[in-house]
Amino acid sequence: MEKLNMTINGKAISVDVDPGIRLVDFLRDNLFLTGTKIGCGKGECGACTVIMNGKAVTSCIIPVMRAQGAVIETIEGLGKNGKLHPIQEEFINKGAIQCGFCTPGMIMSSKALLDENNAPTSDEVREALGGNICRCTGYVKIEEAVMAAADRMRKGE
Amino acid sequence: MKYILAKSAAEALEALLAEEGKARIIAGGSDVMVDMEAGKLAPQTLVDITTADDMKGIRIQDDQLIIGAAVTLTEIARSPLIRQYFPSLCKGAGSVGSLQIRNSATLVGNVVTAQPAADAAMAVAPLDPRFVVLSKDGIRELAMGEMYAGFGKSTLNSTAEVVKEIHIPLPADDEKASFVRLELRKSLSLPMLNVAAMAKVTDGFFQWVRITMGPVGVGPTRAFEAEEWLKGKALTPENMAEAGRLALHNAKPRSNPLRGSKKYREHALPILVRRALEGIAKQMGLLHFDN
């Protein structure tokens, strides 16, 4: 076991972890943050996307110890005081969800983009979400949701 | 398992050597983590180089562009410094996997894993890079052609050697590079073919050309015959198309369920080589259409 210090969804924690596991396993099995999904397990589907030090990463290819000193955000950290984040609300408003398995990863990729750039072009949205695969629906509603959320975030929400 | 966050390249090497073959380097992790999960790798210790300060950053020193081994593909794709000298390297690095993968994966990793379809490795290949390698015997520099031992097999030993950084000679004003790829979709897709080139062009004539192609063999494959033929030739559409045809003499595209049939890929490769050369012509102001 190794000591791991990190900030998860705004809270500083210090825990003992098995250094041989993946970040996604730590989030799901140790912290019970099961909103982060495991799809392909190879970094190719984007279901396990979290934000690490401001960048979207697929947590199934990140060794847990790389989170040492890192600031990690997961889907569970988005809502504040019982209110959903504008990106979450717009995914609902636009019908950008079917089964929902890819949704947490889609939303975390969107948040990483909009935190850095709240007026993205369509190409920028597509680059940011290109690593998130949805097998139910298309991507049109998802892009619309991100654009609608960007509008709201520009207005200070 | 033990996990060591190395603070420097020297510390990473020391940690490897102390474990006598039972430790291995991890950079971005996009291959190592997948191989471990699949049971193909089971190191006792991982030595993480992404925390090594002397392996981070992109800088110019003397007449060299220096890229640390811990630099991610996203950092390369978005680097104004690299864009100024080698826009093709930004394009190649920006073509790998997805944004999430590029936020973690590295250029050196893209070379050392020695996969035949690596876009970043392909884009750097014709730039005459030198890989600075630390081992128990000291420091040595390896050229691109010395990095590959076979399909998915590097000449380097990740349990005893550390690549610290890449040195790339800065181009003269009349030297330009390009990168093109053929794919089924724009993201998360391995290339069916990729080609990179660099050339020195004086008064509309090729002085020298380096062309690399993949995946058509082990690592980026040089189109030596086309390169030799182009020397002293004008940058005309006919010459660039002929070079594309000659490039086939050095390439062995095979049928592959992900990349298309041998026949199709043999048809497409000359076109990609021509486009790579047109990319150079365009940057030299010698071609005024989009290909």
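From a predicted model like this one, the values you see are computed outputs, not experimental measurements.

Scoring rules and cut-offs
- Residues numbered from 1 in each chain as written.
- Chains lettered and ligands numbered in written order.
- Predicted model: local features only at pLDDT ≥ 70, side-chain atom pairs only at ≥ 80, totals over all residues.
- Heavy atoms only, no water.
- Salt bridge = Lys/Arg side-chain N within 4 Å of Asp/Glu carboxyl O.
- Helix = DSSP H or I, 4+ residues; strand = E, 2+ residues; numbered from the N terminus.
- Domains from an automatic or database assignment.
- Contact = heavy atoms within 4.5 Å.
- Buried area = accessible area lost by both parts, 1.4 Å probe.
- Polar contact = N/O pair within 3.5 Å; in protein donor to acceptor, adjacent residues only side chain to side chain.
- Pairing = 2+ DSSP bridges.
- Axes fitted to C-alpha atoms, helices over the stretch in contact; angles between N-to-C directions.
- Parallel < 35°, antiparallel > 145°, perpendicular 65-115°, else oblique.
- Left-handed = near helix turned anticlockwise from the far one by under 90°.
- Nonpolar A, V, L, I, M, F, W, Y, C, P; charged D, E, K, R; others polar.
- Phe/Tyr/Trp six-rings, centres within 6.5 Å; stacked < 30°, edge-to-face > 60°.
- Lys NZ or Arg CZ within 6 Å of the ring centre and 35° of its normal.
- Expected span 1.5 Å × (residues − 1).
- Buried < 20%, exposed > 50% of the residue type's maximum accessible area, 1.4 Å probe, protein only.

**Student:** Give me the pattern of salt bridges: which residues, what numbers.
**Tutor:** All names here are of chain A. The full count for this structure, using the stated rule, is 32 salt bridges over all chains. With a closest N to O distance of 3.8 Å, K141 and E144 form a salt bridge. A residue pair is termed a helical-turn pair when its members lie 3 or 4 positions apart in one helix, as K141 and E144 do in helix 5 (residues 140-154) at 3 residues. Beyond isolated ion pairs, a larger network of salt bridges with shared partners links K83, E89, E90, R152 and E157.

**Student:** An account of the domain arrangement of chain A is needed here, citing residue identities and associated values.
**Tutor:** Residue and element names in this part refer to chain A. Here the domain parsing of chain A yields domain 1 (2-77) and domain 2 (86-154). In this structure, domain 1 and domain 2 have C-alpha centres spaced 21 Å apart. Contacts between domain 1 and domain 2 engage 17 residues on the former and 14 residues on the latter. In total, about 1,200 Å² of surface goes out of reach between domain 1 and domain 2, with carbon and sulfur atoms giving 61% of it. Summed over the shared surface of domain 1 and domain 2, the number is 2 salt bridges.

**Student:** An account of the side chain of D119 of chain B is needed here, citing residue identities and associated values.
**Tutor:** Residues and elements named next belong to chain B. Positionally, D119 belongs in helix 8 (residues 119-124). Within polar-contact distance, the side chain of D119 engages the side chain of R181 at 2.8 Å. Leaving out residues up to four positions away in the same chain, D119 has contacts with G92, S95, V96, N110, F179, R181, P191 and N194.

**Student:** If you had to explain the pairing of strand 1 (residues 2-8) of chain A to someone new, which residues and values would you point to?
**Tutor:** Residues and elements named next belong to chain A. Of the pairings in the sheet, the one linking strand 1 to strand 2 (residues 11-17) comprises 7 bridges and is antiparallel in character. Residue L4 lies in a different strand from strand 2, and its bridge partner there is V15. The hairpin turn running from strand 1 into strand 2, its antiparallel successor, is 2 residues long, and N9 in that turn takes a positive phi close to 50 degrees.

**Student:** Can you break down the packing of helix 3 (residues 103-116) of chain A against helix 5 of chain A residue by residue, with the values?
**Tutor:** Residues and elements named next belong to chain A. Contact geometry for helix 3 and helix 5: axes closest at 11 Å, N-to-C directions at 40 degrees. Relative to helix 5, helix 3 is oriented oblique. Considering how the two elements wind past one another, helix 3 and helix 5 form a crossing that is right-handed. Residue-level inspection shows M106, S110, L113, L114 and D115 of helix 3 in contact with helix 5, the latter providing I142, V146, A149, A150 and M153. Its residues assigned to classes, the contact of helix 3 with helix 5 shows 8 nonpolar, 1 polar and 1 charged.

**Student:** Run through the packing of aromatic side chains, naming residues and quoting values.
**Tutor:** Taken as a whole, this structure holds 0 aromatic pairs over all chains when the rule is applied. The lysine or arginine in question, K233 of chain B, covers the ring of W229 of chain B, its NZ or CZ lying 4.3 Å from the ring centre.

**Student:** Quick rundown of helix 3 of chain A? Include the residues and the values.
**Tutor:** Relative to the 20 Å expected for 14 residues at 1.5 Å per residue, helix 3 of chain A spans 20 Å between its end C-alpha atoms, a close match to the ideal helical length. All of the buried residues in helix 3 of chain A are T103, P104, G105, M106, I107, M108, S109, S110, K111, A112, L113 and L114 of chain A.

**Student:** Explain the sheet that holds strand 11 (residues 175-182) of chain B residue by residue, including any values.
**Tutor:** Residues and elements named next belong to chain B. The strand order across the open sheet built from 4 strands is 11-12-13-14, with neighbouring strands paired in antiparallel fashion. The open sheet is flanked by strand 11 and strand 14 (221-222), the only strands paired with a single partner. Where strand 12 (residues 193-202) lies against strand 13 (residues 205-214), 9 bridges are found, and the strand directions are antiparallel. From the neighbouring strand, K200 faces strand 13, where its bridge partner is W208.

**Student:** Talk me through the domain arrangement of chain B; I want residue IDs and the actual numbers.
**Tutor:** Residues and elements named next belong to chain B. Domains assigned within chain B are domain 1 (2-169) and domain 2 (175-283). The gap between the C-alpha centroids of domain 1 and domain 2 is 25 Å. Summed over both partners, the interface of domain 1 with domain 2 buries about 1,900 Å², with 69% contributed by carbon and sulfur atoms. Counting across the domain 1 and domain 2 interface gives 1 salt bridge. Ionic pairing is found between D119 and R181, a salt bridge with its closest N-O pair at 2.8 Å. Our enumeration of links across domain 1 and domain 2 arrives at 5 residue pairs in polar contact (both at pLDDT 80 or more). Residue assignment for the side of domain 1 that touches domain 2 shows that the elements contributing at least two residues are helix 5 (87-93), helix 8 and strand 8 (148-150). Of the residues belonging to the side of domain 1 that touches domain 2, the class tally is 16 nonpolar, 6 polar and 3 charged.

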